[in-house]
Amino acid sequence: MSEYKVNTLRKLLYESEAKHKDRNAFLLKDSGGAIYSLTYEQFKNDVEALGTALISLCRGKGKNIAVFSANSYEWCTCFMAITSGVGTAVPLDKDLNAQELCNIVDFAEIDILITDEKRSKTLLESTVKPKRKPAVILFGDSAQEGTLSYNSLIKQGRELLSQGDAGFISAKTRPEDTAAIFFTSGTTGMTKGVELTNRNLCSDFIAVSEYIKIYEGDLSMSVLPLHHTYELIAFLMVLYSGAAISFCGGIRTLKEDFSDYKPTVFVTVPLLLEKLDARILSKMEQSGKRNLARIISKMSSVIPKEGKKKVFSDIHSFFGGRLRLIICGAASLNKETALNFISYGIPVIIGYGLTECSPIVICNTDSEPTPDSVGRPLPGTEIKISSPDAEGIGEICVKGPMVMKGYYKNLSRTQEVIKDGWFHTGDSGYADRSGNYHISGRIKNIIVTRGGKNIYPEEIEYYLTKNTCICECVVYSEAQDILAAEILPDKEEIKKKTGKQELTDEEIHAAVKEAVRSVNRSQPSYKRIKKVTLRNEPFDKTSTHKIKREG
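Residues numbered from 1 in each chain as written. Predicted model: local features only at pLDDT ≥ 70, side-chain atom pairs only at ≥ 80, totals over all residues. Heavy atoms only, no water.

Thoughts on the overall build of the protein
Short version of the rule: Per the convention used, a helix needs a DSSP run of H or I reaching at least four residues, while a strand needs a run of E reaching at least two, with both numbered from the N terminus. Radius of gyration here uses only the C-alpha atoms, and the compact-globule reference equals 2.2 Å multiplied by the residue count raised to the power 0.38. Partly exposed residues are those whose accessible area sits between 20% and 50% of the maximum for their type, while under 20% is buried and over 50% is exposed, using a 1.4 Å probe and protein chains only. Here, Shrake-Rupley sampling with a 1.4 Å probe gives the accessible areas, and only protein chains in the shown set may cover a residue. Counted charges follow a simple rule, with Lys and Arg positive, Asp and Glu negative, and His plus the chain ends left uncounted. We put the charge of a Lys on NZ, of an Arg on CZ, of an Asp on CG and of a Glu on CD.
For the protein, the count of helices and strands is 18 helices and 27 strands. A compact globule built from 551 residues would reach a C-alpha radius of gyration of about 24 Å, and the protein, at 24 Å, matches this within 12%. Considered along the principal axes of its C-alpha atoms, the protein spans approximately 75 × 55 × 50 Å. Burial statistics for the protein: of 551 residues in total, 54% are counted as buried. Element-wise, carbon and sulfur atoms account for 48% of the exposed surface of the protein, whose accessible area totals about 24600 Å². Distance from the positive charge centre (73 side chains) to the negative charge centre (69 side chains) of the protein: 2 Å.

Quick look at the structure:
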């Protein structure tokens, strides 16, 4: 594990290349599906070429440049070139619609928009147009009218470098410079652009690296969007550690990509991991291994990892045969899922954070994972629980070098959440006697009964979705202390339980109501669901697969 310290992304680029020059930084697939690699030296050279061309195009530095595409090697070169001397990066959600994209282009004063051919249509072919007219760069060789191509810029940059152009090579960046502006999920770009500095991002991945060890021989497989700070920090950790990264083509190609790349580290979100575990458990039931898994789970602490790997060789084979670590965040994870993977011989590391904190502030360690908590504060991070109630639950507040510079062009909102150096997260939680932290839910989601009782809907949702008949749900309050739940049933699971090929609406309702009754029996009266509504379509979700709540 690397022990060097960096405080700018430019230093990360150059020092990682100096230490790991000939090591693979990326494993990629060509158009035919064949895997090829690119070294740290090749990556640095491409970043230098692109950075040189961009500075020439901008006629100077300090521009706001948006990257609007799916995960790719090109995305990474753009982000590192922009933040290493060209200006400020604005990573955008690849699924923005035309109106949302235009709002951000105008609000964030975007000078250049770098995108892929698929997403270029969102801006170029839409009737909705931004007031600003940024230069548009398309990945690949081809360029539409009025645009430039990424590959031609790389070529131009190399020519400028050969002619002695030192615009990028001699550029200076400072720890306190804004490296990137992140627009958080659910916003249109009008108020919540999170400004993160070089120091913010560097301090975070260095601190996380003290808890989670990434080694030079590791290969991480990226499936989450890089525009989200959670996946981005994982990428920066890879560069810091001298490891390599690959990109999953999507959920549909997940199994194929695991088999082809054979990663050792997988960064994911709870929804995806829980779905994978459900598939594993279903196959175990069919093969008769479920009881064996339960026994091994109970004896997990005394069974060596190699023994688990041998017993569950088919599971390890699905993940490519080399997976040693899963990092899971961005939402709460079902404890049983984490314990299941530990029993399979694949530890799951859980953490907690927010975009405003670069993003991770609390995390488990790979040497001592605690599946029932999000772990302990990172080195150099202070955590306090503000205004705790009788059970010790209060708002989680954070102080440390990873806390954002502020909200872009919104001083008043920044001052609302950062008070006396403490960032108020809006999340509620508590610390147990061992110093491990537990997240209760969003403060704005808390339901207060007429009797003064606090209900955390996320807690009840957790128990509801433990029942396999319930796929997704949202718990909310109606008038007169009526606790309600909107539920997406898992019809395939209900078919298995009932032994029927087709289901009537009454049978689906009956299965869901029995699941709700089971949870109600374990809850005090004020936490019991009194009204159930079924839905046929999944809830709308953020880019990290969290359900979007109204309001």
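There is more to say, and it comes next.
Some details on unusual backbone geometry
Across the junction of Ser-358 and Pro-359, the peptide omega takes the value -5°, indicating a cis bond. Tracing the backbone shows Pro-359 in the loop between β14 (348-353) and β15 (360-363). Despite not being glycine, Glu-109 shows a phi value in the positive range, around 55°. Structurally, the position occupied by Glu-109 is in the loop between α4 (98-107) and β5 (112-115). Looking at Glu-109, the relative accessible area reads 36%, which means it is partly exposed. The phi dihedral of Lys-262 falls on the positive side, at around 55°, and the residue is not glycine. Residue placement: Lys-262 occurs in the loop between α9 (254-261) and β12 (265-268).

Observations concerning the packing of helix α3 (residues 73-86) against helix α8 (residues 229-241)
Note the threshold: Axis definition: a line fit to C-alpha positions, over the contact stretch in the case of helices; interaxial angles, taken between N-to-C directions, run 0 to 180 degrees. Orientation labels follow simple angle bins: below 35 degrees gives roughly parallel, above 145 gives roughly antiparallel, 65 to 115 gives roughly perpendicular, and whatever is left gives oblique. Working rule for contacts: check all heavy atoms of both residues, and any pair within 4.5 Å makes them a contact. Gly is placed with the polar residues, together with every amino acid not listed as nonpolar (Ala, Val, Leu, Ile, Met, Phe, Trp, Tyr, Cys and Pro) or charged (Asp, Glu, Lys and Arg).
Contact geometry of α3 with α8 gives a least axis separation of 13 Å together with a crossing angle of 80°. With respect to α8, the element α3 is oriented roughly perpendicular. Where α3 abuts α8, its residues Trp-75, Cys-76, Phe-79 and Met-80 lie against Leu-232, Phe-235, Leu-236 and Leu-239. Residue classes in the contact of α3 with α8 are distributed as 8 nonpolar, no polar and no charged.

Regarding helix α5 (residues 117-124)
As a reminder, the rule being used: This arc describes the spread of directions from the helix axis toward the C-beta atoms.
When α5 is considered as a whole, its buried residues turn out to be Arg-119, Ser-120, Thr-122 and Leu-123. Looking straight down α5, one finds that the buried residues subtend no more than 145° of arc, so they occupy a single side. Here the buried face of α5 lies against β3 (63-68), α4, β5 and β6 (135-138).

Focus: helix α2 (residues 40-58)
This is how it is decided: The span you would expect from a helix comes to 1.5 Å times its residue count less one.
For α2, which comprises 19 residues, the first-to-last C-alpha distance of 26 Å matches the rise-based estimate of 27 Å (1.5 Å per residue) to within 8%. With 14 of 19 residues buried, α2 is to be regarded as a mostly interior element. Phi for Arg-59, located one or two positions after α2, is positive at around 55°.

Considerations on the pairing of β5
Selection rule: Strand pairing is assigned whenever DSSP detects at least two bridges linking the two strands. Here the term right-handed applies to a crossover when the path leading from its first strand over the helix to its second strand runs clockwise, the strands being oriented away from the viewer.
Covered by surrounding structure in β5 are Ile-112 and Ile-114 together with Leu-113 and Thr-115, the residues of both alternating faces. When β3 meets β5, the two strands line up parallel, connected through 4 bridges. Across the sheet, residue Ala-66 finds its bridge partner in β5, namely Leu-113. Bridging between β5 and β6 involves 4 bridges; their strand directions are parallel. Along β6, the bridge assignment pairs Thr-115 with Leu-138. For the crossover from β5 across α5 to β6, the handedness is right-handed.

Let's talk about the pairing of strand β2 (residues 35-39)
Pairing geometry for strand β1 (residues 24-29) and β2, over 5 bridges, is antiparallel. The residue of β2 that forms the bridge with Lys-29 is Ile-35. Linking β1 back to β2 in an antiparallel pair, the connection comprises 5 residues, with Gly-33 at a positive phi of about 90°.

Some thoughts on the environment of Lys-497
Along the polypeptide, Lys-497 turns up in helix α17 (residues 491-498). As for Lys-497 and Thr-115, which are separated by 382 residues in sequence, their C-alpha atoms are 47 Å apart. Ignoring anything within four residues of it in the chain, the contact list for Lys-497 reads Asn-467, Thr-468 and Cys-469.

Brief notes about the side chain of Ser-16
Among the secondary structure elements, Ser-16 is positioned in helix α1 (residues 9-20). By relative accessible area, Ser-16 is classed as buried at 2%. If we ignore the near neighbours within four places in the chain, the residues touching Ser-16 are Tyr-4, Lys-11, Lys-21, Tyr-40 and Leu-239.

What about the environment of Gly-242?
The topology assignment puts Gly-242 in the loop between α8 and β11 (244-247). Excluding residues within four positions of it along the chain, Gly-242 makes contact with His-20, Arg-23, Tyr-40 and Glu-216.

A look at the sheet that holds strand β26 (residues 482-489)
Strand order in this open sheet of 3 strands is β25-β26-β27, and the pairing throughout is mixed. Pairing within the sheet leaves two strands with one partner each, and these edge strands are β25 (470-478) and β27 (531-534). In this sheet, adjacent strand axes meet at a mean angle of 25° when their direction is disregarded. Where β25 and β26 come together, 8 bridges link them in antiparallel fashion.

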